[in-house]
Amino acid sequence: MSSEVLATLEEMRLSLPSFCTPRGNFLPWRREGNLVFLSGQTCDWDGGVPYTGPVIAPRQTAPADGPHVTVETGKKAAEMCALNLLYFLQDACDGDLDRVQTVMRLGGFVNCLPGFDCSPDVINGASELFIALYGDRGRHARTAVGVSGLPGNASVEVDAIVVIA
């Protein structure tokens, strides 16, 4: 089956993960009518978490011990979260990501230290991917908040609500 969305991903030199397994006892997505509620996805990729620890703003001091990432790297982590969301959304759409009518809302969570104020910049990584793939249908309401920790010490987590045909 051809897909405009998958072709656009390929043009962007991106792809969906080969597999994605939920980190707990929950459904990765739930559908009610034409609404799909996608559970939060961290920046897991092929069984590992490549982006771990807090995202550090340019004016913040990085922790002396433990991993951390920059805002720009956090943005890449958010994009990876969006690719994981698309992996499960494809399942909810019976394999056809072109059925997406509207991305209604994204919720973004950024692992960070106190005083971090760049959460919107980080979550733009997910927002920009949905807009690149769906144009105006990909524009959405959004929350971007800083948190003190995420599953697997992931740097970012994103969830979504999507309308499909």
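Preceding block: the structure.
Attention in this report is confined to the structure presented alongside it. All values derive from a computational prediction rather than experimental measurement.

Cut-offs applied
Along every chain, residues carry numbers that run from 1 in the direction the sequence is written. Local features in this predicted model are restricted to residues of pLDDT 70 or higher, and side-chain atom pairs are both shown and tallied only at a pLDDT of 80 or more, whereas totals for entire chains, interfaces and linings draw on every residue. Side-chain metrics rest on all non-hydrogen atoms present in the structure, leaving aside hydrogens and water. Only C-alpha atoms enter the line fits that serve as axes; for helices the fit covers just the stretch in contact. Angles between N-to-C directions range over 0 to 180 degrees. The secondary structure listing takes helices from DSSP runs of H or I that are at least 4 residues long and strands from runs of E that are at least 2 residues long, numbered from the N terminus. Here the angle decides the label: under 35 degrees means roughly parallel, over 145 means roughly antiparallel, 65 to 115 means roughly perpendicular, and every other value means oblique. Two helices crossing with the near one rotated counterclockwise from the far one by less than a right angle form a left-handed crossing, whereas a clockwise rotation gives a right-handed crossing. Residue contacts follow a heavy-atom distance rule, with two residues in contact if any of their heavy atoms lie within 4.5 Å. Following the grouping adopted for this structure description, the nonpolar residues are Ala, Val, Leu, Ile, Met, Phe, Trp, Tyr, Cys and Pro, the charged ones are Asp, Glu, Lys and Arg, and the polar ones are all others, Gly among them. Helix span, expected: 1.5 Å multiplied by one less than the number of residues in the helix. What is called the bend at a residue is the angle between a pair of axes, fitted to the seven residues leading up to and ending at it and to the seven starting from it. Buried residues are those whose accessible area, probed at 1.4 Å on protein chains only, stays under 20% of the maximum for their type, while exposed residues exceed 50% and partly exposed ones sit between those limits. Any carboxyl oxygen of Asp or Glu within 4 Å of a side-chain nitrogen of Lys or Arg constitutes a salt bridge here. Only centres within 6.5 Å qualify two rings of Phe, Tyr or Trp (six-membered ring in Trp) as a pair; their planes then separate them into stacked at under 30 degrees, edge-to-face at over 60, and tilted for everything else.

### Some points on the packing of helix α1 (residues 4–11) against helix α3 (residues 119–134)
Here comes step 1: Their axes nearest at 9 Å, the elements α1 and α3 cross at an angle of 120°. What the angle tells us is that α1 and α3 run oblique. The crossing of α1 and α3 is right-handed. Of α3, the residues touching α1 (which contributes V5, T8 and L9) are L129, A132, L133 and Y134.
Here comes step 2: Of the residues in the contact of α1 with α3, the class split is 6 nonpolar, 1 polar and no charged.

### With respect to α3
Each α-helix winds once per 3.6 residues, and so residues spaced three or four apart point in a common direction.
Here comes step 1: Relative to the 22 Å expected for 16 residues at 1.5 Å per residue, α3 spans 23 Å between its end C-alpha atoms, a close match to the ideal helical length.
Here comes step 2: Residue G125 marks the point of greatest curvature in α3, where the axis turns by about 35°.
Here comes step 3: Three or more residues of α3 are buried, namely S119, V122, I123, G125, A126, S127, L129, F130, L133 and Y134.
Here comes step 4: Each element contacted by the buried residues of α3 is listed here: α1, β3 (55–56), α2 (71–92), β5 (100–111), β6 (141–147) and β7 (156–164).
Here comes step 5: With its phi angle positive at about 65°, G135 sits one or two positions after the end of α3.

### Examining the pattern of salt bridges
Here comes step 1: One pass over the structure, following the stated rule, counts 5 salt bridges.
Here comes step 2: Between R99 and D94 there is a salt bridge, with its nearest N and O atoms 3.2 Å apart.
Here comes step 3: For D159, the salt bridge identified is with R105, shortest N-O distance 3.5 Å. You can see D159 sitting in strand β7 and its partner R105 sitting in strand β5, a full 54 residues away along the chain.
Here comes step 4: Judged by its relative accessible area of 29%, R105 falls in the partly exposed class.

### Looking at the packing of aromatic side chains
Here comes step 1: Taken as a whole and judged by the stated rule, the model has 1 aromatic pair.
Here comes step 2: Ring centres of Y87 and F88 lie 5.1 Å apart, and the angle between their planes is 85°; this geometry places the pair in the edge-to-face category.

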